[in-house]
Structure formats: C-alpha cells, structure tokens
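Residue-level structure breakdown
Here's the letter readout for the chains.
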Amino acid sequence: MKTSHKKLLNGLVMAAVCVVVLCGQVAEAANVRVANVAMTGGNLQFDITWDDSWRASWKEADTDWTNWDAAWIFVKFRKQGDPGWSHASLSTKDTDHSSPEGAEIDVGLTGTKGVGVFLYRSADGKGTWTSEGVKLKWLHAVDGVADPAEVELFVHALEMVYVPEGGFYVGSAGRLAGPFTDGSWKRGGDVIPFKVTGEEELKLVGEPGCLWGTGGVGAAHQIGPAGKLPAEFPKGYGAFYCMKYETSQGEYAAFLNQLTEAQAAARYPRTGILPRHANTTIHTVTKVETGYTATKPERSCNWLSWDDGAAYGDWSGLRPMTELEFEKACRGPLEPVENEYAWGAGIVNDKDMPGLAELPKPPYPVGICGKEGRIKLASTYWGIAAMCGHLRERTIAVGHVDGRVFTAVCGDGALADDGLANVANWPGPTTSWPVSATNGIGFRGGPWYGPAEKDIALRVSDRFLSSCQRKQRGQTYGWRGVRQAP
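None of these values were measured; they are calculated from a predicted model.

Definitions and cut-offs
- Residues numbered from 1 in each chain as written.
- Predicted model: local features only at pLDDT ≥ 70, side-chain atom pairs only at ≥ 80, totals over all residues.
- Heavy atoms only, no water.
- Helix = DSSP H or I, 4+ residues; strand = E, 2+ residues; numbered from the N terminus.
- Buried < 20%, exposed > 50% of the residue type's maximum accessible area, 1.4 Å probe, protein only.
- Contact = heavy atoms within 4.5 Å.
- Areas by Shrake-Rupley, 256 points an atom, 1.4 Å probe, with all protein chains shown as cover.
- Lys, Arg positive; Asp, Glu negative; His and termini not counted.
- Charge placed at Lys NZ, Arg CZ, Asp CG, Glu CD.
- Salt bridge = Lys/Arg side-chain N within 4 Å of Asp/Glu carboxyl O.
- Pairing = 2+ DSSP bridges.
- Phe/Tyr/Trp six-rings, centres within 6.5 Å; stacked < 30°, edge-to-face > 60°.
- Lys NZ or Arg CZ within 6 Å of the ring centre and 35° of its normal.

Attention now goes to the overall build of the protein chain. In terms of regular secondary structure, the protein chain is built from five helices and 21 strands. With the principal axes as the frame, the protein chain shows a C-alpha extent of 70 × 50 × 40 Å. Buried positions account for 59% of the 486 residues belonging to the protein chain. Contacts spanning at least 24 positions in sequence make up 74% of the contacts within the protein chain whose residues lie at least 6 apart. Accessible area of the protein chain: about 18,000 Å², with a carbon and sulfur share of 51%. In the protein chain, which carries 49 positive and 55 negative side-chain charges, the distance between the mean positions of the two groups comes to 4 Å.

Mapped onto the elements of the fold, serine 461 is located in the loop between strand 20 (441–444) and strand 21 (482–484). Aside from chain neighbours lying at most four places away, what touches serine 461 is Gly171, Ser172, Leu176, Pro179, Glu327, Arg331 and Arg444.

With that out of the way, let us pick up the pattern of salt bridges. Going through the model one piece at a time under the given rule, you end up with 19 salt bridges. Among the salt bridges present, the one from aspartate 308 reaches arginine 267, with a minimum N-O distance of 2.7 Å. Within this pair, whereas aspartate 308 is found in helix 3 (residues 306–316), its partner arginine 267 is found in helix 2 (residues 261–267), the two being separated by 41 residues in sequence. Neither aspartate 308 nor arginine 267 differs from the other in exposure class; each is buried. One network of salt bridges, with partners in common, ties together Glu323, Glu327, Arg331, Glu340, Arg444 and Arg463.

Read across the sheet, three strands follow the order 18-19-20 without closing on themselves; strand pairing throughout is mixed. Each edge of the sheet is formed by a strand with only one pairing partner; in this case those strands are strand 18 (321–322) and strand 20. As defined by bridge partners, strand 18 adjoins strand 19 (residues 393–396) across two bridges and the pair is classed as parallel. In the sheet register, methionine 321 faces strand 19, and the bridge partner there is threonine 395.

If you walk through the whole model with that rule in mind, you get 24 aromatic pairs. Centre to centre, the rings of phenylalanine 77 and tryptophan 138 are 5.3 Å apart; their planes meet at 45°, and the pair counts as tilted. Of this pair, phenylalanine 77 sits in strand 3 (residues 63–79) while tryptophan 138 is found in the loop between strand 7 (125–137) and strand 8 (151–163), placing the two residues 61 residues apart along the sequence. A relative accessible area of 3% means that phenylalanine 77 is categorised as buried. A relative accessible area of 3% means that tryptophan 138 is categorised as buried. Pairing tryptophan 85 with phenylalanine 154 gives two aromatic rings, centres 4.3 Å apart and planes at 45°, and the pair type is tilted. One end of the pair, tryptophan 85, is in the loop between strand 3 and strand 4 (86–87); the other, phenylalanine 154, is in strand 8, and 69 residues separate them in sequence. Residue classification places tryptophan 85 among the buried positions, given a relative accessible area of 11%. Put simply, the rings of Trp68, Trp72, Phe118, Tyr120, Tyr162 and Tyr241 touch in pairs and so form one group of aromatic residues. Taking the ring centre of tyrosine 364 as reference, the NZ or CZ of lysine 126 above it sits at 4.5 Å. Positioned above the aromatic ring of tyrosine 292, the side-chain terminus of lysine 287 is 5.7 Å from the ring centre.

So this is what it looks like as structure tokens:
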C-alpha cells in the first residue's frame, strides 16, 4: 500500500517474524501484528496481536514462579525533510498509558526518558493474544513536534521474555572450557557450581564463596585476573527481559531503513561478508533502490558485528546481556546438569540443531511445557528460543577487566552520526592489536553447523569464546538484547 502522501503510517512492526519495510510502505508481521495506529486525544493508539503468547505460574521445589512473554513497544517519528527517524519520548508514568482489560503496561526508562513500554498479559493463559485500543502518551513537544499530525509515526514491537528475580547457578560439571566455579575449586578437581544470590558487589578470586573460573588468564575462555564485579554490573539476579528470538533479518532491514544514509551504510552487514560467502543464500538482507530488504525476513540475522548489534540495541532501547544473565536465562533456578544444554538436558543430537534456514520452534516455559516438553522444543527454562545451536550469542565478558565495568544502562534510541552505539560503559573499540577487536566482549552458545555432540561451545556453561574480543562480522554471529525489568 502506497502511503507517501500520508503523514501518519499504520505502523512498522519489528517482531520475531516480520517483513521488510521500504520507504512508503507498511510492514505486516507474521508473529506480531500492530494495526489501526492513530493519534487520538493526544495519545498514540493502536491494536496489537501476537501468536504463541503466554503467562504461566508454577512451583519449583518450594518456590512459586510466574513469568510471561511481552512486547517491547517503542515509537519512531520523522519530521518532513529529516534524513532519518528519531526516537519518541514517552511519558515516564505507567498511569499515563492505558491498555484494555487483561493487559498490563510498564514503562522502560533510560535515564529520565521513557524509551518504550512492556505490554503483557495480566492473567495466566497461552495462545494468540490480542490487545485492542492500547494508548501511549507521547511527549511530542519534548521531541520538538508541535503537531503530531505533521510527522510520520512508526510503532515497533519486539517479543521479549520476563526472567524473574531470584538466585541461580553458574558453572557445571562436564567437558567444558573455562566454566565458572566457586573459588574453592582446585585445579584437577570437579567444577563447583557457584550460586548468584544478589546484585551486590561480587569478588572474583580463587577463594571459597567467591566467583571464579577454571580458565586462568590469557585464553579466550579465561576468567582473567582477580578483581570484582561492581554492584552496577548486571549479574542476573534481578528481574530482566530477554528477546525471545535472535534479531531477525526483517528486523535488521527495518532498522537500516530508519537510519540516515551514512549510518545505514556503516551498519550494512553485506559489506563485511567474505568473498567466499558473497553469494550466500542464508543472509538475505540487501540494498535496493528504495532502501533495504530481506527476502527471508523471519530468519535470524547473521553476519552482524559487535558494532552492528550494539547499534541495534542502542537504537531499540535495549542493551547487551552479560555472561551471568545468559546462564540464568537458560538454566533458570535449577541446579546444573552435567554438560547441560539450554533445554536442561546433557544430551544433544544433530536434529536438535536446526539450520539457520529453519525457524526455531515456538518456545514455552517449563511451567507450561514441562521438563520433557522443554527438551522437545529446545526451550530454555523461561521460554526463550535458540540460546544454543543457532547463532553465537554476544555477551559482556566477566573474564576481561573492560567487561567488568559494564553497567545496566540501556540504549536511548539514538545513535552517533557514524552509526555507532554511544552508551556509557558499553564496550567500544580498542587501540590495541588487532584493530578488529573490542575489549570486554565474547560469545556464549554455539552455532548451528558441525556435529552437535562434539561442539562443547553449545553447552550452557561452556566459556570457550567468552572473552574472545573478535568484533567483526561473521556467518555465525548474531545479536539478542535484554533490558532490566522496570
């Protein structure tokens, strides 16, 4: 539908499965759908529907748990003549926004700015879920817009999963590279899983009751020198949201289409694809006359560098996850299993590793699908998809001193003019060799290719590349963001 003559678009949707947005067109997502976008009475109103939604409550041992999936909703606008799109400032008060019965809204702040909202079920249930007449209060005057009818508006929605507050273990027994362990561990002995019990400052040292690792110093799986994780470092104990799926190729194309020409050129993945992969059919994001497009928009987006992923996170109001958050998102509150994978078992087959051309199965939390169902779905404890064996997950490295200064500051929706993220205390370029490195980053989870039973990097507690500073683009490199719960 051509809409170049209209100032108000019907909503760009970024979801786990979506189609590309070109200039003057409206995107319609297959999994999350936003419709009937309009400004009414000073509020931005729309309807939203997504498939395979849930809210569940269950008991694990003596603890009651509740979690849900949510839509992280944020808004972009463009004034006439602007080269790119800007991020809308939403009211910081939950009560200034409204949703119909059966839904709840929480505002996500970056500093004092409302950058988006989480919308989710207020009662247990599962299946396709629709919330009609959602209203967000846009502080358009703060954004320099006197009349909202004179700008283009796009509403974005990303599927997220709520990971509740609570203690959890890192490290497990088995054939692993450099796993976390309690500091009482002695070389040659069995790994001693360490329990994270709060967000307070955490000592990193080979002493009983402290977090430590078996990887020593000087390798990609290192624990690094003794030190500490400050209270501001996200340790995973506090509640947070994690993207249900990896960033898709459709989502990434939509992102490129809302940047300035210079920013988009810097973040275009195909400029980093190696010659031998130039004709790959796996990565389908390409530049056309009207913008960027993805012929397989639902497919996870590979060939993303650290700079690409960080920029996407800043632009969408999210942030990178830490190594500790990765293990909690996979394992939940359970005690570790030897050689554990994201689905809670220590066994794997090649059939558990769908190729990148295949979509992950819709995940559900253990409270809905149970232990056996979780294995069949390859789902994490909380209902997150493809955390092992799809694309490598970029994480903040505990084993590098530059990673330890990371804080939970999330993106504000705006990038630097050169297309880079510009968030305080996020890892950035290093002046040391090699120039394609960024201190403080690494990978967790393994890729989809190769014999699954031989790739130890697929295991939840394996830290084979946890301090790998490689920031360039690669065929197995994707991105998944998180954000602390309001």
